[in-house]
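Architecture at a glance
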Amino acid sequence: MRIALEWLSCGIHGALYGDRRMSLCARAWQHREHWFWAVWVIVWDALLGWYEADHCRASFERCRK
């Protein structure tokens, strides 16, 4: 399930920003000093906390590889 969500998120990010290598959560982690992305990180980390701790940070680390 995580792989499908990450793939979908990368597709949406690619459509919006032209870069399919990064997911929306990875972008949120990278730009978390902005209020919108900070809220994004809080919400998605809370929603996916049962599955993966610090999801947005982990997604950013996966995208950097």
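Residues numbered from 1 in each chain as written. Predicted model: local features only at pLDDT ≥ 70, side-chain atom pairs only at ≥ 80, totals over all residues. Heavy atoms only, no water.

1. Considering the environment of His13
Mapped onto the elements of the fold, His13 is located in helix H1 (residues 2-17). Taking the C-alpha atoms as reference points, His13 and Ala26, separated by 13 residues in sequence, lie 9.7 Å from one another. Non-local contacts of His13, meaning those with residues more than four positions away in its chain, are made with Gly18, Asp19, Met22, Ser23, Leu24 and Arg27. (Helix = DSSP H or I, 4+ residues; strand = E, 2+ residues; numbered from the N terminus. Contact = heavy atoms within 4.5 Å.)

2. A closer look at the nonpolar core
Soluble globular proteins tend to pack their nonpolar side chains together in the buried interior. Within the largest apolar cluster, 5 residues are counted, these being Cys25, Ala28, Trp37, Val41 and Cys56. Residue assignment for this core shows that the elements contributing at least two residues are helix H2 (24-30) and helix H3 (35-47). For Cys25, the contacting residues outside a window of four places in its chain are Ser9, Trp40, Trp44, His55, Cys56 and Ser59. (Core = buried A, V, L, I, M, F, W, Y, C linked by side-chain atoms within 4.5 Å. Buried < 20%, exposed > 50% of the residue type's maximum accessible area, 1.4 Å probe, protein only.)

3. Some thoughts on the side chain of Glu6
Inspection of the secondary structure puts Glu6 in helix H1. Its relative accessible area of 13% is what places Glu6 among the buried residues. There is a polar contact of 2.5 Å between the side chain of Glu6 and the side chain of Ser59. Of the polar contacts made by the side chain of Glu6, one reaches the side chain of Arg62; its length is 2.8 Å. (Polar contact = N/O pair within 3.5 Å; in protein donor to acceptor, adjacent residues only side chain to side chain.)

4. Focus: unusual backbone geometry
The phi dihedral of Asp54 is positive, around 50 degrees, even though this residue is not glycine. Along the chain, Asp54 turns up in the loop between H3 and helix H4 (55-64).

5. Structural notes on the packing of aromatic side chains
Overall, the coordinates contain 6 aromatic pairs when judged by the stated rule. Measuring from centroid to centroid gives 6.2 Å for Trp35 and Phe36, while their planes differ by 85 degrees, and the two rings are edge-to-face. Residue Trp35 is classed as exposed on the basis of its relative accessible area, which comes to 67%. Summarising the aromatic geometry, the rings of Trp37 and Trp40 are spaced 5.7 Å apart at their centres and angled 65 degrees between planes, so their arrangement reads as edge-to-face. One end of the pair, Trp37, and the other, Trp40, are both in helix H3, 3 residues apart, so they sit about a helical turn from each other. Aromatic rings pair up to connect Trp35, Phe36, Trp37, Trp40 and Trp44 into one cluster. Sitting over the face of the ring of Tyr17, Arg27 holds its NZ or CZ atom 3.7 Å from the ring centroid. (Phe/Tyr/Trp six-rings, centres within 6.5 Å; stacked < 30°, edge-to-face > 60°. Lys NZ or Arg CZ within 6 Å of the ring centre and 35° of its normal.)

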